[in-house]
Amino acid sequence: METLLIVDDDLSLLESLKMHFEDIEHDGAPRYQVVTATRASEALRVAQEVMPGVVILDMKLPDRTGLDIIEEMKSLCGDARIILVTAFHDMETTIRAMKAGAFDYIHKPFPDLTALDIVVSRALEYRQLSRRAATVNVETAAARLGDIVGTSPSMQQLVKEIGKVAASRATVLIHGESGTGKELIARVIHNYSYDEPKPFIGINCSAIVDTLLESELFGHEKGAFTGANAVKPGKFEMAEDGTIFLDEIGDMSLMLQAKLLRVLQEREFERVGGVKRIKLRARVIAATHRTLVDEVASGRFREDLYQRLKVITLQLPPLRERRDDIPSLVHHLLERINEKVHKRVTRVPPEVLDHLMRLPWRGNVRELENVLTRAVVLAPGEVLLSDNLPALDTTEPDHGGAPVNGHPVHGNGHALPDFLVAQIDDPSRIPTLEEAERMLIELTMTVTKGHKGKTCQILGISRPTLERKLQKYGVRQDQPV
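Residues numbered from 1 in each chain as written. Predicted model: local features only at pLDDT ≥ 70, side-chain atom pairs only at ≥ 80, totals over all residues. Heavy atoms only, no water.

Looking at this structure, I do not really get the sheet that holds strand β4 (residues 32–37). What am I missing?
Two strands in a sheet stick together by hydrogen bonds in their backbones, pointing the same way (parallel) or opposite ways (antiparallel). Sheet architecture is open: five strands sit in the order β4-β1-β5-β6-β7, paired in parallel fashion. Bordering the open sheet on either side are β4 and β7 (104–107), each of which pairs with just one other strand. Strand-to-strand twist across the sheet, computed as the mean angle between neighbouring axes with direction ignored, equals 20°. Bridge count between strand β1 (residues 2–7) and strand β5 (residues 54–58): four bridges; the pairing is parallel. Across the sheet, L4 pairs through a bridge with V54, a residue of β5. Seen against the sheet, helix α1 (residues 11–22) touches β1, β4 and β5 and runs at an angle of roughly 170° to β4. Across the sheet, helix α3 (residues 66–77) is in contact with β1, β5 and β6 (81–86); its angle to β6 comes to roughly 170°. (Pairing = 2+ DSSP bridges. Helix = DSSP H or I, 4+ residues; strand = E, 2+ residues; numbered from the N terminus. Axes fitted to C-alpha atoms, helices over the stretch in contact; angles between N-to-C directions. Contact = heavy atoms within 4.5 Å.)

Structure (C-alpha cells):
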C-alpha cells in the first residue's frame, strides 16, 4: 500500500480527494493510505512521520506557499514525488515549480479526477523506476562527487565527511599518500562550500625554495628585494574570500611555519617588505603525504601549527585499500584520457580489469591514470590490451607457497582445502590444473552458499574473473553448488 499525503486548506476538496483515493483498489485491497494536512507546517510534520510516496500539494496555504516548502518536503520525504496544484495559470510559477523539483504541476478545479489519478500513478511508477535504477548504479557505476569516484566503504565515509566540512569554514588538513587526490578533495570541498564562484588558489609548498615561497604566499612590495620591480599580491591575498590550498605543507621550513602560524592566529599578514596589514579572508585547506604527528615528534614540524591546521582532518585511503573501486575508476579515467589523446578506447576485457586490480599501485590513482594513458596511446583499436600494462610484481609477499596452518597455499595466501591436499599427497589422484580450479571454485561456492562476493574474497579474485570462470566451467549459479 502506498501512502498519499494531500495538502489543501479547502476542507471540502480535501475530504473529497481523501474519499476518492481511499476507494481505489489494487488486487482486491486498498491501493492508498491517505493522510491529509491543511497548513504547510502541519504538512511538513506529517510528511516526516508517514514518509509518503506521493504528495499532492496546494500552492496557496494559510502559512506558506506550496512552492516555498517543496525543497523542505523533498528533504524530509526522500524520493517522494510532489504534485503541485494551483488555481492560477501562471507560466513563470510553473517553471519555478518544476525547477524546484515538483514532479508535475496541475490546475484546479478538476473537470474530473481521472487526470489526477493518471498523474499520481505515473509519479509512483517513476519512483519505482528511480529506485531500481539507483540499485543498479550502486553496483555497476561510479558514485561521483565532482571527480571523486568510488563506492567502497572508505570512499562513502569520505564523501559524508566532505558534506559536513563543506557546511563550515573551518581549517581542513588532508592526509594521504602521493597520488591519492588530495587537491581534488580540496577542490570539491571548495566547490560545495559556496553558492557562487569564489577563487581557489593552490600552491605546492615543496616545489618552491623558501626565499621565493614567502613572496608567493604573502606577496611583496616594490623594492622589497632585488628584482622586485613592482608590487605583487601573494596567494593569500589572491584567494580573497575563497580558498587557499597549501599542498605538501609537511615540507615547509620551520621559519615559514612560524610565519604561517602567526597568520592563522591573527588572521592577517603583510607583504614582504611592507607594513600594511592585510586581512586573511580565505579558508585554509592544507594537505600532506607525511604523518605530521611523527614530524612533530622529530622536531621537523611545529606542534602549535599542527594544532591550528587539524581543526578538521580527512584521511584519504590509498588505492590498494579500495581495490573494488578500480573498475569504476578505470571507466571514469578512460573518458578523460580518450578526450585528451583523441582516441576511442572504450572496451576493457575482464582479464584486463583483473590484471589492473592485482597491481600494487604504490602511486595510487595518479599512477593508475598514467598507466591507462600509456595503454590507451598504444592500443591499436577500441580495446584496452593487457600487453600494454605493467607486469605483475611477483616479488610481492604472497607466502610463496609456504604452508599456512600446515596446508600449502596458492598465490593469494589462502590455504588449500583438505580434498586437494589429499590429492597432492597421492600423485595418482592429482587432477589437471583446470579440474583443480573448477573443484576449488565449486567448493568455495558451496561454502559461501552461492554468495559471489564472499567467493571472490576467499579466492582472492575479482568479480569479472569469477563470472568468467563460472561460465567456463559451467558452474550453476542459480543455487548453491
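It is not clear to me how the confidence of the model for the chain should be interpreted in this structure. Could you clarify?
Residues shown with low pLDDT carry predicted positions that ought not to be read at fine detail. Taken as a whole, the chain shows an average pLDDT of 82; of its residues, 86% reach a score of 70 or greater. Taken as a whole, residues 423–427 scores under 50 in pLDDT and shows six contacts with residues more than four places along the chain or in a different chain. (pLDDT = per-residue confidence, 0-100.)

Can you help me understand unusual backbone geometry in this one?
Glycine aside, residues mostly have negative phi, and peptide bonds are mostly found in the trans state. Here K108 and P109 are connected by a cis peptide whose omega angle stands at 10°. For P109, the location among the structural elements is in the loop between β7 and α5 (114–140). Despite not being glycine, E240 shows a phi value in the positive range, around 50°. Among the secondary structure elements, E240 is positioned in the loop between α9 (235–238) and β14 (243–247).

Is there a simple way to explain the sheet that holds strand β17 (residues 283–288) in this structure?
Strand order in the open sheet made by the five strands is β11-β14-β17-β10-β18, with parallel pairing throughout. Sheet topology places β11 (200–204) and β18 (312–315) at the edges, where each strand pairs with a single neighbour. Averaged over all pairs of adjacent strands, the angle between their axes in this sheet comes to 20°, without regard to strand direction. Sheet topology note: the β11/β14 ladder contains five bridges and is parallel. Bridged to I201 within β14 is I244.

I would appreciate a short explanation of the packing of aromatic side chains in the present structure.
Pairs of aromatic rings are described using the distance from one ring centre to the other and the angle between the two planes. The tally for this structure, following the rule as stated, stands at five aromatic pairs. Here the aromatic rings of F21 and Y32 are separated by 5.5 Å at their centres, their planes lie at 85°, and the arrangement is edge-to-face. Of the two residues, F21 is situated in helix α1 and Y32 in strand β4; the sequence distance between them amounts to eleven residues. Judged by relative accessible area, which is 0%, F21 ranks as buried. Between F236 and F269, the ring centres sit 6.0 Å apart and the planes meet at 55°, which makes this aromatic pair tilted. With F236 in helix α9 and F269 in strand β15 (residues 268–269), the pair connects residues that are 33 residues apart, well separated along the chain. For F236, a relative accessible area of 1% corresponds to the buried category. According to the relative accessible area criterion, F269 is buried, its value standing at 1%. Aromatic rings pair up to connect F218, F236 and F269 into one cluster. (Phe/Tyr/Trp six-rings, centres within 6.5 Å; stacked < 30°, edge-to-face > 60°. Buried < 20%, exposed > 50% of the residue type's maximum accessible area, 1.4 Å probe, protein only.)

Mind showing me how you'd approach helix α13 (residues 326–341) here?
Each α-helix turn comprises 3.6 residues. Residues three or four places apart therefore point the same way. Here α13 is 16 residues long and its end C-alpha atoms lie 21 Å apart, about the 22 Å a rise of 1.5 Å per residue gives. For α13, the full list of buried residues reads I326, P327, S328, L329, V330, H332, L333, L334, I337 and N338. Phi for H342, located one or two positions after α13, is positive at around 60°. (Expected span 1.5 Å × (residues − 1).)

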